[in-house]
Amino acid sequence: SYDRGSTFNVFVGKGQLIAGMDKALVGMCVNERRFVKIPPKLAYGSEGVSGVIPPNAVLHFDVLLIDLWNSEDEVQVQTYFKPEKCPRTVQVSDFVRYHYNGTFLDGTLFDSSHNRMRTYDTYVGIGWLIPGMDQGLLGMCVGEKRIITIPPFLAYGEEGDGKEIPGQASLVFDVVLLDLHNPKDGITIENQHVPESCERRSQTGDFLRYHYNGTLLDGTLFDSSYSRNHTYDTYVGKGYVIAGMDEGLLGVCTGEKRRIIIPPHLGYGEEGRGKIPGSAVLVFDIHVVDFHNPSDSVGITVNYKPSNCTVLSKKGDYLKYHYNASLLDGTLLDST
C-alpha cells in the first residue's frame with residue numbers, strides 16, 4: 001500500500017477481506033503495528049491468485065493501523081480547559097473566532113490556524129462548516145479548549161477534500177475559542193462602580209474625558225489610555241467614536257466605572273483596525289473623569305452665607321480669597 005501511496009480502506013468483519021485478515025485486524029489500536037501470519041486455508045487456499053500468489057501460500061502482512069471508525073460513531077468532544085466564568089456559550093447562528101490544530105487520528109498534522117497566525121472566523125450551525133465541526137463547537141465558552149474528533153461521514157467523506165485530507169479520514173481538531181457574538185447582539189453594559197452622588201448623567205452632545213483599557217474578549221489588551229497617561233477626550237453621541245462606544249458612554253456619572261462590551265458590527269467590523277482583528281468583540285473598562293456640555297454656564301452652589309451680607313462683590317472690586325481647586329472627579333489641582 002505504501003507503493004501505491006494510499007491506505008487500504010475497508011470494513012472489517014464483513015467478509016470484504018480474506019478470513020485471516022478479517023480476524024487479525026480485530027482489537028487493533030490506531031498506530032498499532034502487527035505482523036500477521038495467515039495460513040492458506042484462511043487466505044487464498046490451494047488456488048492462490050494467478051500470477052501473484054501461488055497455491056497453498058502462507059501470507060505475511062506488516063500492518064500499521066492509521067484510522068478507524070464505525071458508521072454508528074458520533075462527534076466526540078473532550079474539554080480539557082474551561083474558564084471559571086462562562087457568561088455565554090456558542091449557539092446556532094453565532095459567529096466565532098477560534099484557533100485550531102487539525103490532525104488525523106494517527107496524529108499527522110494536516111492544517112493549523114496557528115501556523116497561519118490567523119484565527120478561523122465563521123458562523124456556527126448554519127452549514128458553513130463540516131457537520132461535525134458545526135456540532136463540536138456548540139456550547140463552548142470563550143477561552144475554552146477542547147478536542148473534537150469527527151468521523152469521516154461528518155467530515156469530508158469518501159472523497160476527502162481533494163487536497164490534504166484523503167477519503168474516509170477521521171479528523172481531530174484541537175480548538176481554543178477566542179471570540180463569539182451574534183449579529184443580533186447590541187452592546188452590553190456592566191456597572192462596576194457608580195458614585196453615591198450623581199448630580200447629572202451624560203447625554204448626547206456632551207464632551208467626556210475618560211480613561212479606558214481596551215481588550216479583546218479573550219483578555220488580550222490592544223489599547224490603554226492609562227499607558228499614555230492621558231484621558232481620551234471626545235463628544236458623545238455625535239459619531240466621533242465607534243457606534244458601540246457612542247451608545248455605551250451615554251448615561252454615565254462623573255467617577256463612574258463601567259464595562260462596555262461591543263460586538264464587531266458596532267465596533268470595527270469585519271476589517272478590524274491596527275491591533276484589532278476583523279470581526280472582534282471589544283471590551284472597554286472605562287472610568288469617567290469629567291464631562292460637560294458646550295452650552296453649560298458656570299455652576300454655583302452656595303455652601304455658607306453670613307446672616308449679615310449687605311456688601312456684595314461687583315465688577316472692578318479687589319478681592320482676597322482662599323480656594324481649593326480640583327477636577328470634577330476630585331483630583332486636587334491647587335490650594336492656597
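Residues numbered from 1 in each chain as written. Predicted model: local features only at pLDDT ≥ 70, side-chain atom pairs only at ≥ 80, totals over all residues. Heavy atoms only, no water.

## Some words on the environment of alanine 43
Right, on to step 1. Looking at where alanine 43 falls in the secondary structure, it is placed in the loop between β1 (33–38) and β2 (59–64).
Right, on to step 2. Along the chain, alanine 43 and glutamine 16 lie 27 residues apart, while their C-alpha atoms are 12 Å from each other.
Right, on to step 3. Ignoring anything within four residues of it in the chain, the contact list for alanine 43 reads Ile18, Ile38 and Leu59. (Helix = DSSP H or I, 4+ residues; strand = E, 2+ residues; numbered from the N terminus. Contact = heavy atoms within 4.5 Å.)

## A few points about the state of the cysteines
Right, on to step 1. In this structure the tally under the stated criterion is 2 disulfides.
Right, on to step 2. Through a disulfide, cysteine 86 is tied to cysteine 141; the S-S separation comes to 1.8 Å. Linking cysteine 86 and cysteine 141, the disulfide has an S-S dihedral of approximately -95 degrees and is accordingly described as left-handed. With a gap of 55 residues between them, cysteine 86 in the loop between β3 (76–81) and β4 (95–104) and cysteine 141 in the loop between α3 (131–136) and β7 (145–150) connect regions that are remote in the sequence.
Right, on to step 3. Relative accessible area serves as the criterion here: at 0%, cysteine 141 is assigned to the buried category.
Right, on to step 4. Across the disulfide, cysteine 198 is cross-linked to cysteine 253 (sulfur-sulfur distance 1.8 Å). The sign of the S-S torsion, about -95 degrees, decides the handedness of the disulfide formed by cysteine 198 and cysteine 253: left-handed. Taken as a pair, cysteine 198 in the loop between β9 (188–193) and β10 (207–216) and cysteine 253 in the loop between α5 (243–248) and β13 (257–262) lie far apart in primary sequence, 55 residues in all.
Right, on to step 5. Disulfide partners in the chain, listed by the sequence order of the bonded cysteines, are 1-2, 3-4. (Disulfide = S-S within 2.5 Å. Buried < 20%, exposed > 50% of the residue type's maximum accessible area, 1.4 Å probe, protein only.)

## Re the UniProt feature "domain: PPIase FKBP-type" (unreviewed entry) in the chain
Right, on to step 1. Within this structure's numbering, the places UniProt gives as "domain: PPIase FKBP-type" (unreviewed entry) are residues 1–69, 93–181 and 205–292.
Right, on to step 2. Across residues 93–181, helical content stands at 11% and strand content at 39%; the span's end C-alpha atoms are separated by 9 Å.
Right, on to step 3. The straight-line gap between the two end C-alpha atoms of residues 205–292 is 9 Å; of that span, 11% is helix and 40% is strand. (UniProt positions renumbered as here; feature names shortened; annotations may be inferred.)

## Thoughts on the environment of glycine 214
Right, on to step 1. Considering the arrangement of structural elements, one finds glycine 214 in strand β10.
Right, on to step 2. The sequence separation of glycine 214 and valine 283 amounts to 69 residues, and the corresponding C-alpha distance is 5.7 Å.
Right, on to step 3. Residues within four places of glycine 214 in sequence aside, it is in contact with Thr220, Leu221, Phe222, Asp223, Val283 and Phe284.

## Section: a nonpolar patch on the surface
Right, on to step 1. Together, Val92, Ile126, Trp128 and Leu138 give the surface a local cluster of nonpolar side chains, amounting to about 390 Å² of exposed area.
Right, on to step 2. Here leucine 138 is to be found in the loop between α3 and β7. (Patch = residues over 30% accessible without salt bridge, like charges linked within 9 Å, V, L, I, M, F, W, Y side chains within 5 Å. Areas by Shrake-Rupley, 256 points an atom, 1.4 Å probe, with all protein chains shown as cover. Salt bridge = Lys/Arg side-chain N within 4 Å of Asp/Glu carboxyl O.)

## Details of the nonpolar core
Right, on to step 1. Counting 25 residues, the largest nonpolar core has Tyr98, Met133, Leu137, Leu171, Phe173 and Val175 as the members making the most contacts within it.
Right, on to step 2. At the level of elements, β4, β7 and β8 (171–181) are the ones that each hand at least two residues to this core.
Right, on to step 3. Looking at this core, the element that brings in the most residues is β8, giving 5 residues.
Right, on to step 4. Among all residues touching methionine 133, those that are not within four sequence positions of it are Tyr98, Ile148, Ile150, Phe173 and Val175.
Right, on to step 5. Grouped together as the second largest cluster of nonpolar side chains are 22 residues, Val241, Met245, Ile276 and Val288 included. (Core = buried A, V, L, I, M, F, W, Y, C linked by side-chain atoms within 4.5 Å.)

## Some words on the packing of aromatic side chains
Right, on to step 1. For the coordinates displayed, the defined rule picks out 18 aromatic pairs.
Right, on to step 2. Centroid distance phenylalanine 11 to tryptophan 69: 5.7 Å. Interplanar angle 75 degrees. Geometry classified as edge-to-face. On the criterion of sequence distance, the pair formed by phenylalanine 11 in the segment before α1 (19–24) and tryptophan 69 in the loop between β2 and β3 is long-range, its members being 58 residues apart.
Right, on to step 3. Consider the rings of tyrosine 100 and tyrosine 120, whose centres lie 6.1 Å apart with planes at 80 degrees: the pair is edge-to-face. Residue tyrosine 100 is located in strand β4, and its partner tyrosine 120 is located in strand β6 (residues 120–123); the two are separated by 20 residues in the primary sequence.
Right, on to step 4. We classify tyrosine 100 as buried; its relative accessible area is 6%. (Phe/Tyr/Trp six-rings, centres within 6.5 Å; stacked < 30°, edge-to-face > 60°.)

## Remarks on the pairing of β8
Two faces, one strand: in a regular strand the side chains alternate between the faces of the sheet.
Right, on to step 1. Most of β8 sits out of view: 10 of its 11 residues are buried.
Right, on to step 2. Here β4 pairs with β8 via 10 bridges, running antiparallel. Looking at β8, one finds that phenylalanine 95 is bridged to histidine 181.
Right, on to step 3. With 6 bridges connecting them, β7 and β8 associate as antiparallel partners. Across the sheet, residue lysine 145 finds its bridge partner in β8, namely valine 176. (Pairing = 2+ DSSP bridges.)

## Comments concerning the pattern of salt bridges
Right, on to step 1. Following the criterion strictly, the structure yields 15 salt bridges and no others.
Right, on to step 2. Ionic pairing is found between aspartate 206 and arginine 200, a salt bridge with its closest N-O pair at 2.7 Å.
Right, on to step 3. Note that arginine 259 and aspartate 285 form a salt bridge whose closest N and O atoms lie 2.7 Å from each other. Pair noted here: arginine 259 is in strand β13 and aspartate 285 is in strand β14 (residues 282–292), with a separation of 26 residues, a long-range link.

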